[in-house]
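Residue-level listing of the chains:
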Amino acid sequence: MKTDRKPVTIEEAIERIVSRSSPGKAITVSLEKADFLHLAEDIVADHHVPMFDRSMYDGFAVKAADTQQAEPDAPKRLRVIESIPAGKEAQGSLQSGTAMRIMTGAAIPPGADAVLMLEDVREGNDEDGSYIEVTSPVSPGSHISHRGEDITAGMVLAKIGRRIGSGEKAVLATFGYHQVKVYQPPEVAILATGSELLPVDAPLVPGKIRNSNSYMVETQLRRMGAVPKPLGIIKDDFEACYQAVTTALEEADFVVTTGGASVGDYDFVQALIERLDAEVLFNKVAMRPGSVTTVAKKGEKWLFGLSGNPAACFVGVELFVRPVLKKAMGAQHLHLPQISATLAVDITTTNPYTRLMRARTELHQGQLVVRPVGLDKSSIISGLLEANSLLMIPGGEQTYHRGEKVNVIWLEEEGMCHGSTARS
Ligand code: AMP
Ligand code: MG
């Protein structure tokens, strides 16, 4: 029974889950709490930015026409009639032959059409007060940031589904969004199964290992904008697993289990799903690591049965948990970005399954170059330290040579454009 599992391609697996997932609820959060969540509303500019012509430098607001004859040997003298700090408007307007001292960000006074930088003028005082001497002409508009030059009223600045990062925060704050409508971050229960597992603070004893998957998955989920709910370690006991998963499904819409996913004597995930009467979307994927990945739905709830092997678990979260959560979060991009890179080494494959090798992709002489890191075994943790990408090697018997272009899934979600999606 357990061995009767028909593998689907990565693409088919992703297709099945994406077609069955849907956006969650929209909520309103304070701007401070909006980091890495996805907008549930379009952000439209309700005013120009800047709202008024303003000075780009500390200097003097002048009429450009007054400076046209200015030369080092024949400086043009302008009387300084007012000083405008940032945040204040001039009291008067500028007449020909006069200047106003102005600070960066202050509104350009009526009558002025250019700003001279402090360092470009000579300042002086006489019996009539202060003046400046201008030694070269300035053109109209110089050093002025014009009304609406950054953003014009009515512009759509960010579309629904966009992830809120620092740039989005700056724009939201500029337009007075002290609260913003976002999709509710999904809560995801994590259950680590395995009688060999110890809590992280326990001393090691022979035959046991510490539960590292929960912590790894927690961080992966947090980076996606989801809320992990670690529910601890469950022994390889069918009843205990069944009880724990049943409770987890009551508490969260998404449940991730690690371990027990294979065909071993104590691998209960398949039996558990049967007893739950959950709908299996797939229970085997033609990929390595992580071929024994199961995704099932119980009503609107999701159950992800991931392999206990750390690398397989990692890949399962990024490939299959991510798109479901991202869809729930109303995201524009459901998958990690996929890029093309040049192989740094020869790779020979003999396996019919697609390989997803932990890899490091780096810019080398203007080219993205990729090389596998660590041992290519699903039990290996050290490779996860160095990996910033997953190198995709299609199944089959073939050698891919150094210098060839290959597809790479970029793991550092930030800082790489979403040109395509992470599908095989
Ligand atoms: P399983 O999927 O239960 O067959 O486990 C596969 C391998 O992953 C075994 O070597 C387990 O000891 C290991 N493993 C299972 N769960 C975890 C975990 N939470 N943290 C680290 N390793 C694990
Ligand atoms: Mg196990």
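Residues numbered from 1 in each chain as written. Chains lettered and ligands numbered in written order. Predicted model: local features only at pLDDT ≥ 70, side-chain atom pairs only at ≥ 80, totals over all residues. Heavy atoms only, no water.

(A) Spatial organisation of the overall build of the chain. The helix and strand inventory of the chain stands at seven helices and 28 strands. Over its C-alpha trace the chain gives a radius of gyration of 31 Å, far above what one expects of a compact globule, namely 22 Å for 424 residues. C-alpha atoms of the chain, sized along the principal axes, occupy 100 × 50 × 45 Å. Scored against the burial criterion, the 424 residues of the chain give a buried share of 48%. (Helix = DSSP H or I, 4+ residues; strand = E, 2+ residues; numbered from the N terminus. Rg over C-alpha atoms; globule rule 2.2 N^0.38 Å. Buried < 20%, exposed > 50% of the residue type's maximum accessible area, 1.4 Å probe, protein only.)

(B) The arrangement of the sheet that holds strand S7 (residues 114–117) in detail. Judged by pairing direction, the sheet is mixed, and its six strands sit side by side in the order S7-S4-S6-S5-S9-S8 without closing on themselves. The outermost strands of the open sheet, each flanked by one partner alone, are S7 and strand S8 (121–126). On average, adjacent strands in this sheet sit at an angle of 40° to one another, irrespective of strand direction. Direction of pairing for strand S4 (residues 59–62) relative to S7: antiparallel, over a ladder of four bridges. Across the sheet, residue valine 62 finds its bridge partner in S7, namely alanine 114. (Pairing = 2+ DSSP bridges. Axes fitted to C-alpha atoms, helices over the stretch in contact; angles between N-to-C directions.)

(C) Just the sheet that holds strand S16 (residues 227–234), in detail. Spatial ordering of the open sheet is given by S16-S13-S17-S21-S20-S18, a layout of six strands whose pairing is mixed. A strand with exactly one partner marks an edge of an open sheet, and here the two such strands are S16 and strand S18 (279–282). Going across the sheet, the axis of each strand differs from the next one's by a mean of 20°, ignoring polarity. In this sheet, strand S17 (residues 254–258) lies alongside strand S13 (residues 187–193) in parallel orientation, the contact comprising five bridges. Paired with leucine 191 across the strands is threonine 257, a residue of S17. Along the sheet, helix H1 (residues 10–20) contacts S18, strand S20 (294–298) and strand S21 (301–306); its crossing angle with S18, the most-contacted strand, is approximately 135°. Relative to the sheet, helix H3 (residues 213–224) contacts S13, S16 and S17, its axis offset from that of S13 by approximately 165°. (Contact = heavy atoms within 4.5 Å.)

(D) Empty space enclosed by the protein, seen in detail. By the definition in use, this model includes one cavity of 30 Å³ or more. Each pocket or cavity is described by its volume, and for the largest cavity that value is around 80 Å³. Considering the residues around the largest cavity, the lining is formed by Thr193, Asp236, Cys241, Val245, Thr257, Gly260, Tyr266, Phe268, Val269, Leu272, Leu303 and Gly305. Looking at the lining of the largest cavity, the elements with two or more residues in it are helix H4 (238–251), helix H5 (269–276) and S21. Along the lines of polarity and charge, the residues of the lining of the largest cavity split into seven nonpolar, four polar and one charged. (1 Å grid on protein atoms, 1.4 Å probe; cavity = no way out; pocket = protein on both sides within 12 Å on 5 of 7 lines; lining within 4 Å. Points joined across faces, edges and corners; volume = space filled by probe spheres on them. Nonpolar A, V, L, I, M, F, W, Y, C, P; charged D, E, K, R; others polar.)

(E) How the structure looks around the pattern of salt bridges. Per the counting criterion, the structure on display carries 18 salt bridges. Arginine 16 is paired through a salt bridge with glutamate 12; the nearest N and O atoms lie 2.7 Å apart. Here arginine 16 pairs with glutamate 12, and both are found in helix H1, just four residues apart, close to one helical turn. Residue classification places arginine 16 among the partly exposed positions, given a relative accessible area of 31%. As a salt-bridge pair, glutamate 168 and arginine 162 come within 2.7 Å of each other at their nearest N and O atoms. Exposure remark for glutamate 168: the relative accessible area of 14% places this residue in the buried category. (Salt bridge = Lys/Arg side-chain N within 4 Å of Asp/Glu carboxyl O.)

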